[in-house]
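Each chain is listed here by its residues.
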There are 2 protein chains.
Amino acid sequence: MESASTFYTGVPRHLVAVDGIIFGFEDSRLKLLVIQRKVDPKQGEWSLVGGFVQEGESTDAAAARVLKQTTGLENIFMDQLGCYGEVERDSGARVISIAYYALIRVKEHDHILAEEHGAHWLELHQIPPLIFDHGRMIADALKKLRDNAHFHPIGFELLPEKFTLSQLRSLYEEIYQHELDRRNFRKKLLAMNILEKLEEKDKTTSKKGAHLYRFDKQKYEQLTRRGFVFEI
Amino acid sequence: MESASTFYTGVPRHLVAVDGIIFGFEDSRLKLLVIQRKVDPKQGEWSLVGGFVQEGESTDAAAARVLKQTTGLENIFMDQLGCYGEVERDSGARVISIAYYALIRVKEHDHILAEEHGAHWLELHQIPPLIFDHGRMIADALKKLRDNAHFHPIGFELLPEKFTLSQLRSLYEEIYQHELDRRNFRKKLLAMNILEKLEEKDKTTSKKGAHLYRFDKQKYEQLTRRGFVFEI
DNA sequence: TCAAAAGTGTTTCAAGTACACCCATGT
DNA sequence: ACATGGGTGTACTTGAAACACTTTTGA
């Protein structure tokens, strides 16, 4: 393919990175996994987890790899946030970065592995200034998380398999940063018919105990095919 | 910065392209600008407009440059769609592509320039199979256009400065692919208070003539700051 | 027995939807 | 005079928002 090699040769090549905005939910708080950078430039400063896209590796795969390296988790909900392509965004070199955000169950991830990488879970209002354009990435990720959570049942990715309605509500209160009416929330969610009520109760937060529920993905997809639209 | 050069050296570099999904609105139809590719591989086949990101050029700038080269237009509404990073997506080489969609006023663009590039405006249902993953890019762009148009007044980017309410309505009918009630649409839009009613009338489509309106961006932004949310 | 969270029901209000009629005018 | 698209008003329906009371049980 002679002409092909003509078309692609002589074209400048670029360093391409992936950065991960990793959300977690713990103690009724939305948290973010950030690390203290181990390499220069900006060694020791706060940063998102990231890495370079390798040859023969898709950007999605690179993001999944980086996530696994820091948390030990696989098959995690991830969505691409977008490309950050300003020339001067990385002070060390011209790097084009593809940002991904991920939702993980904090309890399930490998805390020891994360610590080895200098990783910390911080609440949203505790996030220090980050290197490069990582602050903007987080802002964009939060916006996308909110938009996405509004019409898709991605919130469940942040909760344990079994959860109470109070937990679910406080999750959305954290995501949207405003209170939701306890009774209306319950009514709305149960009316959707996508939660499976379990016999077990969670007694850690009240004497009476709150029923545990499980997200019924089967039922959700079935309803979706019939035109149902999730909305919170 | 010795350690910095250590960190970045030896890292694989990639070809990075931008591809443009360019929407236009003409004769009450939503259209897409596609070209017949002039280079191998896939010469002669249908493709989106695109090009490679140069050194010292941001991805946004590259997308704007490609748009200008094919249409002659500058300062156009553009939004990033996302990164397409599969390893085998381009059969000629490993190319990471950043897709952008743009909304342009068809009347204002340089038709001669476009023709030189083998460009054609095609209606959505006329789009032939495209090379690589361009078909998927279009599907994604349409989805994003719909989502975006739902809560942001981006539709006006596709209309001439002065337009009738009927034109505006048929634009949204095209975007959403379903009919909207003529009377309710008018009521809703006028109630928003973001349209400036002009004295002029457009008599091309009726004997009575329809009033022309102009989108009042000032007023829209003012209302937005007060919490107003556009929705159609 | 009482504090604290869980669970249930009702009323109100706003926004969307459906729909019918009059208006202006070129042919 | 009439056909054609432009313009206006009203009744209905649905769903969100606001809100008060009862239940359970460990301390």
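See above for the structure.
A brief look at the structure comes next. (Residues numbered from 1 in each chain as written. Chains lettered and ligands numbered in written order. Predicted model: local features only at pLDDT ≥ 70, side-chain atom pairs only at ≥ 80, totals over all residues. Heavy atoms only, no water.)

### Section: the protein's contact with DNA strand D
Item 1. By nearness alone, 18 residues border DNA strand D, and Arg 183 of chain A together with Arg 182, Arg 183, Arg 186 and Lys 187 of chain B come closest of all.
Item 2. Within 4 Å of the protein, the contacting atoms of DNA strand D are drawn from sugar and phosphate to the extent of 45%.
Item 3. Within the side chain of Ser 166 of chain B, one N or O atom sits 3.0 Å away from a phosphate oxygen of DNA strand D.
Item 4. Taken together, the residues of the surface near DNA strand D sort by class into one nonpolar, six polar and eleven charged. (Near = heavy atom within 4 Å. Polar contact = N/O pair within 3.5 Å; in protein donor to acceptor, adjacent residues only side chain to side chain. Nonpolar A, V, L, I, M, F, W, Y, C, P; charged D, E, K, R; others polar.)

### Notes on the pairing of strand S1 (residues 13-26) of chain A
Item 1. Counting buried positions along S1 of chain A gives 13 out of 14 residues, so the element sits mostly inside the fold.
Item 2. Here three bridges tie S1 of chain A to strand S1 (residues 13-26) of chain B, and the two strands are oriented antiparallel to one another. From the neighbouring strand, Arg 13 of chain A faces S1 of chain B, where its bridge partner is Leu 15 of chain B.
Item 3. Here S1 of chain A runs beside strand S6 (residues 95-103) of chain A; their pairing, made up of nine bridges, is parallel. Along S6 of chain A, the bridge assignment pairs Gly 20 of chain A with Tyr 100 of chain A.
Item 4. Note that S1 of chain A and strand S4 (residues 49-52) of chain A share four bridges and pair antiparallel. Note on S4 of chain A: the bridge partner recorded for Val 18 of chain A is Gly 51 of chain A. (Buried < 20%, exposed > 50% of the residue type's maximum accessible area, 1.4 Å probe, protein only. Helix = DSSP H or I, 4+ residues; strand = E, 2+ residues; numbered from the N terminus. Pairing = 2+ DSSP bridges.)

### Notes on the packing of helix H4 (residues 134-151) of chain B against helix H5 (residues 165-176) of chain B
Residues and elements named next belong to chain B.
Item 1. At a minimum axis separation of 9 Å, H4 and H5 run at an interaxial angle of 140°. It follows from the interaxial angle that H4 and H5 lie oblique. In this structure, the crossing between H4 and H5 has a hand that is left-handed. On the side of H4, the interface is formed by Leu 145, Arg 146, Ala 149 and His 150, while H5 contributes Tyr 172, Ile 175 and Tyr 176.
Item 2. Residues of the contact of H4 with H5, tallied by class, amount to five nonpolar, one polar and one charged. (Axes fitted to C-alpha atoms, helices over the stretch in contact; angles between N-to-C directions. Parallel < 35°, antiparallel > 145°, perpendicular 65-115°, else oblique. Left-handed = near helix turned anticlockwise from the far one by under 90°. Contact = heavy atoms within 4.5 Å.)

### A few points about the protein's contact with DNA strand C
Item 1. Arg 182, Arg 183, Arg 186 and Lys 187 of chain A together with Arg 183 of chain B are the nearest of the 19 residues found near DNA strand C.
Item 2. Near the protein, within 4 Å, the atoms of DNA strand C are sugar or phosphate in 47% of cases.
Item 3. The contact in question runs from a base oxygen of DNA strand C to an N or O atom on the side chain of Lys 187 of chain A, over 2.9 Å.
Item 4. One nitrogen or oxygen atom from the side chain of Lys 208 of chain B is found 3.2 Å from a base oxygen belonging to DNA strand C.
Item 5. For the surface near DNA strand C, the secondary-structure elements that each account for two or more residues are helix H6 (182-192) and strand S10 (210-215) of chain A together with helix H6 (182-192) of chain B.
Item 6. A per-class count over the surface near DNA strand C returns one nonpolar, six polar and twelve charged.

### Here we look at the environment of Leu 122 of chain A
Residue and element names in this part refer to chain A.
Item 1. Mapped onto the secondary structure, Leu 122 falls in strand S7 (residues 119-123).
Item 2. Of the residues examined, Leu 122 reaches a relative accessible area of 15% and is grouped as buried.
Item 3. The spacing of Leu 122 and Thr 6 is 116 residues in sequence and 50 Å in space, taken between C-alpha atoms.
Item 4. Here Leu 122 is in contact with Leu 30, Lys 31, Leu 32, Val 34, Trp 46, Ile 127 and Pro 128, once residues within four sequence places are set aside.

### Let's talk about H6 of chain B
An α-helix turns once every 3.6 residues. As a result, residues three or four positions apart point the same way.
Residues and elements named next belong to chain B.
Item 1. Within H6 the residues assigned to the buried category are Phe 185, Leu 189 and Met 192. Looking straight down H6, one finds its buried side chains confined to an arc of 55°; they lie on one side. Facing away from the buried surface of H6 by more than 90 degrees, the exposed residues are Arg 183, Lys 187 and Ala 191.
Item 2. Regarding H6, its N-cap is Asp 181, as a side-chain oxygen of that residue lies 3.0 Å from the backbone nitrogen of Arg 183 further along. (Arc of directions from axis to C-beta.)

### What about the sheet that holds strand S9 (residues 195-202) of chain B?
Item 1. Spatially, S8-S10-S9 (chain B) is the arrangement adopted by the three strands of the open sheet, whose pairing is antiparallel. Whereas interior strands pair on both sides, the edge strands pair on one side only; in this sheet they are strand S8 (162-163) and S9 of chain B.

### What about helix H4 (residues 134-151) of chain A?
Residue and element names in this part refer to chain A.
Item 1. Between its first and last C-alpha, H4 extends 26 Å over 18 residues, near the 26 Å set by a 1.5 Å rise per residue.
Item 2. Turning to H4, its buried residues number three or more, namely His 134, Met 137, Ile 138, Ala 141, Leu 142, Leu 145, Asn 148 and Ala 149. Buried residues in H4, looked at end-on, bunch into an arc of 140°, giving them a common side.
Item 3. As for H4, its buried residues are in contact with S1, strand S2 (29-36), strand S3 (46-47), strand S5 (77-84), S6 and helix H5 (165-176). (Expected span 1.5 Å × (residues − 1).)

### Looking at the nonpolar core
Item 1. In this structure, Val 18, Ile 22 and Ile 98 of chain A together with Val 18, Ile 22 and Ile 98 of chain B are the most contacted members of the largest nonpolar core, which totals 44 residues.
Item 2. When near neighbours in sequence (up to four residues on either side) are disregarded, Ile 98 of chain B contacts Cys 83 and Ile 98 of chain A together with Val 16, Ala 17, Val 18, Asp 19, Thr 59, Gln 80, Gly 82 and Cys 83 of chain B.
Item 3. The next biggest cluster of nonpolar side chains, apart from the first, holds 43 residues, and it includes Tyr 84, Tyr 101, Leu 145 and Leu 171 of chain B. (Core = buried A, V, L, I, M, F, W, Y, C linked by side-chain atoms within 4.5 Å.)

### Considering the relation of the copies chain A and chain B
Item 1. Rotating chain A by 180° and translating it 0.0 Å along the rotation axis places it on chain B, where the RMSD comes to 0.1 Å. Overall, the copies show the geometry of a two-fold rotation axis.
Item 2. A shared binding surface is used by both copies, with 100% of the interface residues of chain A retained as interface residues in chain B. (Least-squares fit on C-alpha atoms with pLDDT ≥ 70 in both.)

### A few points about the packing of aromatic side chains
Item 1. Applying the stated criterion across every chain yields a total of 24 aromatic pairs over all chains.
Item 2. Taking the centre distance of 5.6 Å and the plane angle of 50° together, the rings of Phe 52 of chain A and Phe 7 of chain B count as tilted. In this pair, Phe 52 of chain A sits in strand S4 while Phe 7 of chain B sits in helix H1 (residues 2-8), so the two residues belong to two different chains.
Item 3. Using a relative accessible area of 28% as the deciding quantity, one classes Phe 7 of chain B as partly exposed.
Item 4. The interplanar angle of 10° and the centroid separation of 4.2 Å between the aromatic rings of Phe 156 of chain A and Phe 215 of chain A together place this pair among those described as stacked. Note that Phe 156 of chain A is positioned in the loop between H4 and strand S8 (162-164) and Phe 215 of chain A in strand S10, a separation of 59 residues in sequence. The pair formed by Phe 156 of chain A and Phe 215 of chain A is uniform in burial state, with each residue classed as buried. (Phe/Tyr/Trp six-rings, centres within 6.5 Å; stacked < 30°, edge-to-face > 60°.)

### A short note on the interface of chain A and chain B
You'll often see interface size given as the accessible area lost when the parts meet.
Item 1. On the chain B side, the residues contacting the 39 residues of chain A number 39 residues.
Item 2. A buried area of about 3400 Å², summed over both sides, lies between chain A and chain B, and 64% of it is on carbon and sulfur atoms.
Item 3. On the chain A side of the contact with chain B, Tyr 8, Arg 13 and His 14 of chain A bury the most area, a combined 19% of that side's loss.
Item 4. Linking chain A with chain B are zero salt bridges, by the criterion used here.
Item 5. Counting across the chain A and chain B interface gives 13 residue pairs in polar contact (both at pLDDT 80 or more).
Item 6. The set of elements that each furnish at least two residues to the side of chain A that touches chain B consists of helix H1 (2-8), S1, helix H2 (59-71), S5 and S6 of chain A.
Item 7. Looking at side-chain class alone, the side of chain A that touches chain B contains 20 nonpolar, ten polar and nine charged residues. (Buried area = accessible area lost by both parts, 1.4 Å probe. Salt bridge = Lys/Arg side-chain N within 4 Å of Asp/Glu carboxyl O.)

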